[in-house]
Amino acid sequence: QVQLVESGGGLVQAGGSLTLSCAASGRTFSNCAMGWFRQAPGKEREFVAAISRSGSNTYYANSVNGRFTISRDNAKNTVYLQMNSLKPEDTAVYYCAAKGSSASSYAYDYDYWGQGTQVTVSS
């Protein structure tokens, strides 16, 4: 069992930056691959980024590659999503998720989810 709590969402202007945090508790954090997903109004939840258990491997959706960076601090049981060059189309509720073993871009592979944090990018 893993509990996840996201924080760091807010309102930013296009071109700005924002960093989201996800604090984990319960199951040993270092045993979990982590992912970030987002859901905009009227759209399905989509993959944003994922990171392996050790943090050595990262994966990104094409839409955010080069702008977003996922990282983790296993000592703090926390995963981060640094978002740069934000665009209005990045506006969504962002969710942190955890799964055992290797990272995945599929939401159904993840066992644990946070409640989400709103990110709004104005034009």
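You'll find the structure just up there.
Computed from a predicted model, the values in this text were never measured in an experiment. (Residues numbered from 1 in each chain as written. Predicted model: local features only at pLDDT ≥ 70, side-chain atom pairs only at ≥ 80, totals over all residues. Heavy atoms only, no water.)

Before going further, it helps to examine the overall build of the protein chain. When helices and strands are tallied, the protein chain shows zero helices and eleven strands. When the helices and strands of the protein chain are read in sequence order from the N terminus, they spell out β-β-β-β-β-β-β-β-β-β-β. The C-alpha atoms of the protein chain give 13 Å as radius of gyration, which agrees with the globular expectation for 123 residues (14 Å, within 12%). By principal-axis analysis of the C-alpha atoms, the protein chain measures approximately 40 × 25 × 25 Å. The buried share of the protein chain, reckoned over its 123 residues, is 41%. Taking all contacts inside the protein chain whose residues are at least 6 apart in sequence as the whole, residues at least 24 apart take part in 58%. Total accessible area on the protein chain is roughly 6100 Å²; 42% of this is exposed by carbon and sulfur atoms. Each charge class in the protein chain was averaged separately, 10 positive and 8 negative side chains, and the resulting centres sit 5 Å apart. (Helix = DSSP H or I, 4+ residues; strand = E, 2+ residues; numbered from the N terminus. Rg over C-alpha atoms; globule rule 2.2 N^0.38 Å. Buried < 20%, exposed > 50% of the residue type's maximum accessible area, 1.4 Å probe, protein only. Contact = heavy atoms within 4.5 Å. Areas by Shrake-Rupley, 256 points an atom, 1.4 Å probe, with all protein chains shown as cover. Lys, Arg positive; Asp, Glu negative; His and termini not counted. Charge placed at Lys NZ, Arg CZ, Asp CG, Glu CD.)

Ranked by size, the top nonpolar core spans 35 residues in total, and within it Leu4, Met34, Trp36, Val79, Leu81, Met83 and Tyr94 carry the most contacts. Contributions of two or more residues to this core are made by strand 1 (2–7), strand 3 (18–26), strand 4 (32–39), strand 5 (46–51), strand 7 (68–73), strand 8 (78–83), strand 9 (92–100) and strand 11 (117–122). The residues contacting tyrosine 94, other than those within four sequence positions of it, are Glu6, Leu20, Trp36, Phe37, Arg38, Val48, Phe68, Leu81, Met83, Gly116, Thr117 and Val119. (Core = buried A, V, L, I, M, F, W, Y, C linked by side-chain atoms within 4.5 Å.)

Note on placement: arginine 67 falls in the loop between strand 6 (58–60) and strand 7. Only 2.7 Å separates the side chain of arginine 67 from the side chain of aspartate 90, close enough to count as a polar contact. (Polar contact = N/O pair within 3.5 Å; in protein donor to acceptor, adjacent residues only side chain to side chain.)

This part covers the state of the cysteines. Applying the stated rule across the entire model yields one disulfide. In this model, cysteine 22 is linked to cysteine 96 through a disulfide, with the two sulfur atoms separated by 2.1 Å. Measuring the twist about the S-S bond at about -85°, one finds the cysteine 22-cysteine 96 disulfide to be left-handed. Taken together, the residues cysteine 22 in strand 3 and cysteine 96 in strand 9 connect sequence positions 74 residues apart. Each member of the pair, cysteine 22 as well as cysteine 96, is classed as buried. The thiol of cysteine 32 is unpaired, and the distance to the nearest cysteine sulfur, on cysteine 96, comes to 10.0 Å. (Disulfide = S-S within 2.5 Å.)

Here the focus is the pairing of strand 11. The alternating pattern of strand 11 places Thr117, Val119 and Val121 on a buried face and Gln118, Thr120 and Ser122 on a face that is not buried. In this sheet, strand 11 lies alongside strand 2 (residues 10–13) in parallel orientation, the contact comprising four bridges. Bridge pairing in strand 11 places glutamine 13 opposite serine 122. Where strand 9 lies against strand 11, three bridges are found, and the strand directions are antiparallel. Residue pairing in the sheet places alanine 92 in a bridge with valine 119 of strand 11. (Pairing = 2+ DSSP bridges.)

Before going further, it helps to examine the pairing of strand 3. Of the strand pairs in this sheet, strand 1 and strand 3 are connected by six bridges, and their pairing is antiparallel. In the sheet register, glutamate 6 faces strand 3, and the bridge partner there is cysteine 22.

What follows concerns the environment of valine 64. Relative to the helices and strands, valine 64 is located in the loop between strand 6 and strand 7. Judged by relative accessible area, valine 64 falls into the buried class, the value being 0%. In the structure, valine 64 is positioned 17 residues away from phenylalanine 47 in sequence and 9.9 Å away in space, judged by C-alpha atoms. With sequence-adjacent residues up to four places away left out, valine 64 is seen in contact with Arg38 and Val48.

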